[in-house]
Amino acid sequence: MRIVDTRGQQCPAPILATKKALKETKTGESFEVLTDNQTSFTNLRRFLKDNKTQFSVEESDGVWTLTIKKGNEGIAMTKTADYCVADIPHFSQGDFVIALSSNKMGSGDEELGDMLIINFIKAIKDLDILPGKIIFYNRGVMLGKDDSPVIGHLKEIEKMGVKLLLCATCIKFYSLEEMIHIGTLSNMYEIAQSMTSASNVVKP
Amino acid sequence: MNIDLLQMVESGGCSAKIPAKQLEEILRCLPLPDDPDILVNIETHDDAGVYRVNDELALVFTTDFFPPVCSDPYEFGQIAAANAISDVYAMGGKPVIALNIMMFPAAKLPVDAYKEILKGGVDIAFRAGVKIIGGHTIDDFPPKYGLAVVGYIHPQKIITNAGARSGDILILTKPVGTGVILAGQRLGLTSESDVSQVKAFMKLLNNSGADIMNKYDVTGATDITGFGLAGHALKMARASSVSITLNLGRLPLIGSTYALTDQGCIPGAAFRNLEYVENEAHVEDDLDYNLKMIAYDAQTSGGLLMAVSPEKADEVISELHNKGLDTSAKIGFVTEKQEKFLYLYK
C-alpha cells in the first residue's frame with residue numbers, strides 16, 4: 001500500500017499531499033497517510049469527513065496513521081429543503097441578452113476601448129440581475145480566447161449560470177478554433193432566435 | 001541586504017491569531033469597565049474601542065500586530081501598518097496618531113531590517129495621514145510588528161458591527177484569499193503574479209471604503225481579518241441580532257486562490273475558523289467545499305464588509321469601483337434573525 005509520509009510537516013502540506021494521493025488513487029483502493037502533528041491530524045480528519053471520504057485511524061508513539069479508502073466522493077449531495085426559510089432576495093438571472101460584436105467597447109481610442117470592455121465584463125458579475133445569455137460575434141469572439149484579458153471573468157460568469165454563445169463562423173473566419181475553450185459554439189439561427197426572443201438586447 | 005523574513009515564521013499575519021473560541025472564553029473572565037463614555041467595548045467583538053471625549057468627538061482606539069507575511073522587511077512594515085489602521089476605517093473614523101509596536105530579534109537579524117520595517121510602517125501611516133509619535137520594542141523571535149492607532153470619530157456616527165439591519169446588502173471591498181496564497185507561497189506553489197497581487201491588496205488602505213461609508217450613512221461594517229469572511233460575518237450577525245446570508249459564488253478571489261484550495265492548500269487557521277463558526281452557520285449541502293473553506297480563510301489586512309441599505313447599494317458599488325476598488329462586490333444580504341446567524345450558499 002502507498003504510504004504518504006507527512007511527518008515533520010505542518011498544515012497545509014499534509015492536506016495537499018493527501019489530496020494529491022486521493023487524485024492519483026483508483027476508486028476502491030487505499031493508501032496511508034502518516035502525521036506526527038496534532039493540528040495536522042485534526043485538520044486532516046475534518047477535511048476527509050467533510051469530503052465524505054472513508055478512513056480509519058491508528059495512533060502510536062505520537063504518530064497517527066490514517067488509512068484512506070478512495071470512494072465515489074464528489075457525487076452531488078441532495079439539497080436540504082429547509083434551506084431558504086425566509087422570503088429573501090436572491091441575486092437572480094434575467095432573460096435579457098448582452099451582444100458583444102467587438103473586442104472593444106465603443107469607437108474611439110483603441111486602448112480606451114480595450115480598457116472599457118474589460119471593465120464592462122467585470123461589472124456584469126456584480127449586476128443585480130444577470131443576463132440570460134451573452135452572445136459573441138464578429139471580433140467579439142476574440143474576448144473568448146484563452147489569452148484574452150477577460151477570460152477569467154467570462155469563466156466566472158459562465159459558472160454563475162450565464163450561457164455564453166460564440167459565433168462559430170466568426171471563430172473559423174479569424175482562425176481561432178484552437179484558442180477558444182469557453183461557452184458554446186453557435187450558429188446564426190440560434191443567435192437570431194436568442195436575440196429576438198430576449199426581453200431586451202444590450203449592446204455596449 | 002538579503003533578508004527573508006518568511007524563513008522565520010510558520011504562520012504569519014492574522015493567521016497567527018489565537019482561536020476565536022478560546023479568546024471569547026478568556027475575555028469572558030474580564031470585568032467590563034462601566035462608564036457611559038465608553039461607546040463601543042469588547043462586548044460586541046468590534047474592530048476597535050470607542051471613547052467619548054465630548055458631544056462632538058470620540059476616540060477610536062485599536063491595536064494590531066503580527067509576524068511576517070512576506071520576505072521583504074519594508075513591505076512587511078507597510079502591510080502591518082495598513083492592517084492596524086484598518087480597524088479605525090472599519091468604524092468610519094479618521095486615524096490620527098499611532099505608536100509602533102515591535103518585537104525584534106536583535107541577535108538574529110541585521111538592524112537594517114528593523115529600520116526597513118519601521119520605514120514601511122511610517123510610509124503607510126503618512127499615506128493615511130497618521131503621525132507615528134512613539135513606540136516600544138522588545139527583543140523577541142520571530143519578529144512581530146504593528147501599531148496602536150487612535151482616530152477621531154463623531155460620537156453619533158460610529159459604524160459598528162452591531163449596525164447591520166435586515167434588508168441591507170453586504171458589500172465586500174477587497175477580494176479574499178490572502179491566507180491561502182501566503183500558505184501556498186511557503187510551499188512554492190504560487191506564481192509571481194499571485195504574490196504581487198496579494199501584497200498589493202494587503203498594503204491597500206481601507207480609507208476610500210470608510211469615506212464612502214460616511215457619505216452614504218452606512219451604520220454597520222467590519223473589516224475582514226483573522227477570523228475570515230465567515231467568522232467576521234458571524235460576529236456582525238450576532239452583534240446586530242440579525243442573520244447574514246453570503247453567496248460565495250459572488251466572492252471575489254485573489255489570483256489562483258481557488259486552484260490552490262482545490263489542491264488542498266488550506267491553512268490551519270481556516271480549520272480553526274470553521275470550528276468557531278460552524279455551530280452558528282447553515283451551509284448549503286452541495287456547497288462547493290473549496291469555496292466554503294475560502295470563506296473561512298484568515299485574511300491579513302482584508303477589505304471592509306459593509307451593510308448598505310438596498311436603495312444605496314448600486315451607488316456605493318459604483319463609487320467603490322471609481323475609487324479603484326474595482327473588485328468590490330455585493331456578496332450577500334441581511335435578514336431578520338433566522339434559526340442560524342449565518343447562511344452560506346452558492
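Residues numbered from 1 in each chain as written. Chains lettered and ligands numbered in written order. Predicted model: local features only at pLDDT ≥ 70, side-chain atom pairs only at ≥ 80, totals over all residues. Heavy atoms only, no water.

Engineer: Residue-level account of the overall build of chain A, with values.
Structural biologist: Each helix and strand in chain A was counted, giving six helices and eleven strands. For a compact globule of 204 residues, the expected C-alpha radius of gyration is about 17 Å, and chain A comes in at 24 Å, more than 25% above that figure. Considering only C-alpha atoms, chain A reaches an extent of 70 × 45 × 30 Å along its principal axes. Residues classed as buried in chain A amount to 40% of the 204 residues present. Once local pairs closer than 6 in sequence are excluded, the contacts in chain A between residues at least 24 apart make up 70%. A total accessible area of about 11300 Å² is found for chain A, and carbon and sulfur atoms account for 52% of it. Placing the 24 positive and 26 negative side-chain charges of chain A at their respective mean positions leaves the two points 3 Å apart. (Helix = DSSP H or I, 4+ residues; strand = E, 2+ residues; numbered from the N terminus. Rg over C-alpha atoms; globule rule 2.2 N^0.38 Å. Buried < 20%, exposed > 50% of the residue type's maximum accessible area, 1.4 Å probe, protein only. Contact = heavy atoms within 4.5 Å. Areas by Shrake-Rupley, 256 points an atom, 1.4 Å probe, with all protein chains shown as cover. Lys, Arg positive; Asp, Glu negative; His and termini not counted. Charge placed at Lys NZ, Arg CZ, Asp CG, Glu CD.)

Engineer: Mind laying out the packing of helix H2 (residues 73-90) of chain B against helix H5 (residues 192-203) of chain B, listing which residues take part and the relevant values?
Structural biologist: Residue and element names in this part refer to chain B. Relative orientation of the contacting elements H2 and H5 amounts to 45°, with a least axis distance of 8 Å. With respect to H5, the axis of H2 lies oblique. On H5, the residues touching Glu75, Gln78, Ile79 and Ala82 of H2 are Lys199, Met202 and Lys203. Its residues assigned to classes, the contact of H2 with H5 comprises three nonpolar, one polar and three charged. (Axes fitted to C-alpha atoms, helices over the stretch in contact; angles between N-to-C directions. Parallel < 35°, antiparallel > 145°, perpendicular 65-115°, else oblique. Nonpolar A, V, L, I, M, F, W, Y, C, P; charged D, E, K, R; others polar.)

Engineer: Outline the interface of chain B and chain A, listing residues and values.
Structural biologist: Taken together, the contacts link 40 residues of chain B with 33 residues of chain A. Taking both partners together, chain B and chain A bury about 3200 Å²; carbon and sulfur atoms supply 56% of that area. Our count for the chain B to chain A interface comes out at four salt bridges. Those elements that provide at least two residues to the side of chain B that touches chain A are strand E9 (242-247), helix H8 (257-263), helix H9 (268-277), helix H10 (289-296), helix H11 (310-322), strand E12 (329-336) and strand E13 (342-345) of chain B. It is E12(B) that provides the largest number of residues to the side of chain B that touches chain A, a total of six residues. For the side of chain B that touches chain A, the class distribution of residues is 15 nonpolar, 13 polar and twelve charged. (Buried area = accessible area lost by both parts, 1.4 Å probe. Salt bridge = Lys/Arg side-chain N within 4 Å of Asp/Glu carboxyl O.)

Engineer: Talk me through the packing of aromatic side chains; I want residue IDs and the actual numbers.
Structural biologist: Going through the model one piece at a time under the given rule, you end up with seven aromatic pairs over all chains. Consider the rings of Phe41(A) and Trp64(A), whose centres lie 5.0 Å apart with planes at 10°: the pair is stacked. Note that Phe41(A) is positioned in helix H2 (residues 38-50) and Trp64(A) in strand E4 (residues 63-69), a separation of 23 residues in sequence. You'll find Phe41(A) and Trp64(A) in the same group, each marked buried. For the pair Phe66(B) and Phe76(B), a centre-to-centre distance of 6.2 Å together with 45° between the ring planes defines the contact as tilted. One end of the pair, Phe66(B), is in strand E3 (residues 58-66); the other, Phe76(B), is in helix H2, with ten residues separating them in the sequence. Classification of Phe66(B) as buried rests on a relative accessible area of 3%. Joined through ring pairs, the aromatic side chains of Phe66(B), Phe76(B) and Tyr145(B) make up one cluster. The ring of Phe141(B) has Lys108(B) lying over it, and the distance from NZ or CZ to the ring centre is 3.8 Å. Stacked on the ring of Phe341(B), the Lys or Arg Lys337(B) has its end atom at 4.4 Å from the ring centre. (Phe/Tyr/Trp six-rings, centres within 6.5 Å; stacked < 30°, edge-to-face > 60°. Lys NZ or Arg CZ within 6 Å of the ring centre and 35° of its normal.)

Engineer: Could you give an account of the domain arrangement of chain B, naming the residues involved and the relevant values?
Structural biologist: Where interface size is quoted, it is often the accessible area lost as the parts come together. All names here are of chain B. Considered domain by domain, chain B is made up of domain 1 (5-153) and domain 2 (169-345). Taking only C-alpha atoms, the centre of domain 1 and the centre of domain 2 are 21 Å apart. Of the residues lining the interface, 36 residues belong to domain 1; the matching set on domain 2 comes to 31 residues. Around 2800 Å² of area is buried between domain 1 and domain 2 when both sides are counted, 55% of it from carbon and sulfur atoms. In this assembly, domain 1 and domain 2 are joined by four salt bridges. Between lysine 235 and glutamate 24 there is a salt bridge; the shortest N-O distance is 4.0 Å. Where domain 1 packs against domain 2, one counts nine residue pairs in polar contact (both at pLDDT 80 or more). A total of ten residues in the side of domain 1 that touches domain 2 trace back to one element, the largest contributor, which is H2. By residue class, the composition of the side of domain 1 that touches domain 2 is 18 nonpolar, ten polar and eight charged. (Domains from an automatic or database assignment. Polar contact = N/O pair within 3.5 Å; in protein donor to acceptor, adjacent residues only side chain to side chain.)

Engineer: Please set out the sheet that holds E13(B) residue by residue, giving values where relevant.
Structural biologist: All names here are of chain B. What the seven strands build is an open sheet, ordered E8-E11-E7-E12-E9-E13-E10; its pairing is mixed. A single partner strand is all that each edge strand has here, and the edge strands are strand E8 (220-223) and strand E10 (281-283). Put simply, the sheet's adjacent strands are angled 20° from each other on average, direction ignored. Pairing of E9 with E13, which is carried by four bridges, proceeds in the parallel orientation. By the bridge assignment for E13, asparagine 247 is matched with tyrosine 345. Helix H7 (residues 228-240) contacts strand E7 (169-172), E8, E9, strand E11 (304-308), E12 and E13 of the sheet and is inclined by roughly 155° relative to E9. (Pairing = 2+ DSSP bridges.)

Engineer: Can you explain the side chain of Thr25(A)? Please cite residues and give values.
Structural biologist: Residues and elements named next belong to chain A. Position of threonine 25 relative to the elements: it lies in the loop between helix H1 (13-24) and strand E2 (30-35). Of the residues examined, threonine 25 reaches a relative accessible area of 9% and is grouped as buried. When neighbours within four sequence positions are excluded, threonine 25 is seen to be in contact with Ser30, Phe31 and Lys70.

Engineer: I'd love a proper account of the sheet that holds strand E3 (residues 54-60) of chain A, names of residues and values included.
Structural biologist: Residues and elements named next belong to chain A. What the four strands build is an open sheet, ordered E1-E2-E4-E3; its pairing is mixed. The open sheet is flanked by strand E1 (2-5) and E3, the only strands paired with a single partner. Averaged over all adjacent pairs, the angle separating strand axes in this sheet is 20°, with direction ignored. Pairing between E1 and E2: four bridges, direction parallel. Within E2, the position partnered with valine 4 by the bridge is valine 33.

Engineer: Report on helix H3 (residues 110-124) of chain A, specifying residues and quantitative values.
Structural biologist: Residues and elements named next belong to chain A. The terminal C-alpha atoms of H3, which comprises 15 residues, lie 21 Å apart, in line with the 21 Å expected from a rise of 1.5 Å per residue. Here H3 has its buried residues at Gly113, Ile117, Phe120, Ile121, Lys122 and Ile124. Contacts made by the buried residues of H3 are with strand E6 (97-100), strand E7 (129-130), strand E8 (133-136) and helix H4 (151-159). Regarding H3, its N-cap is aspartate 109, as a side-chain oxygen of that residue lies 3.1 Å from the backbone nitrogen of glutamate 111 further along. (Expected span 1.5 Å × (residues − 1).)

Engineer: Give me the pattern of salt bridges: which residues, what numbers.
Structural biologist: All told, the structure shown has 21 salt bridges over all chains when counted by the stated rule. Among the salt bridges present, the one from Lys19(A) reaches Asp262(B), with a minimum N-O distance of 3.4 Å. Placement of Lys19(A) in helix H1 and of Asp262(B) in helix H8 is noted, with the two residues assigned to different chains. Accessibility expressed as a relative area gives 28% for Asp262(B), which makes it partly exposed. For Asp314(B), the salt bridge goes to Lys330(B), with nearest N and O atoms at 2.6 Å. With Asp314(B) in helix H11 and Lys330(B) in strand E12, this residue pair connects regions lying 16 residues apart in the sequence. Salt bridges sharing partners connect three or more residues here, namely Arg46(A), Asp50(A), Glu278(B) and Lys292(B).

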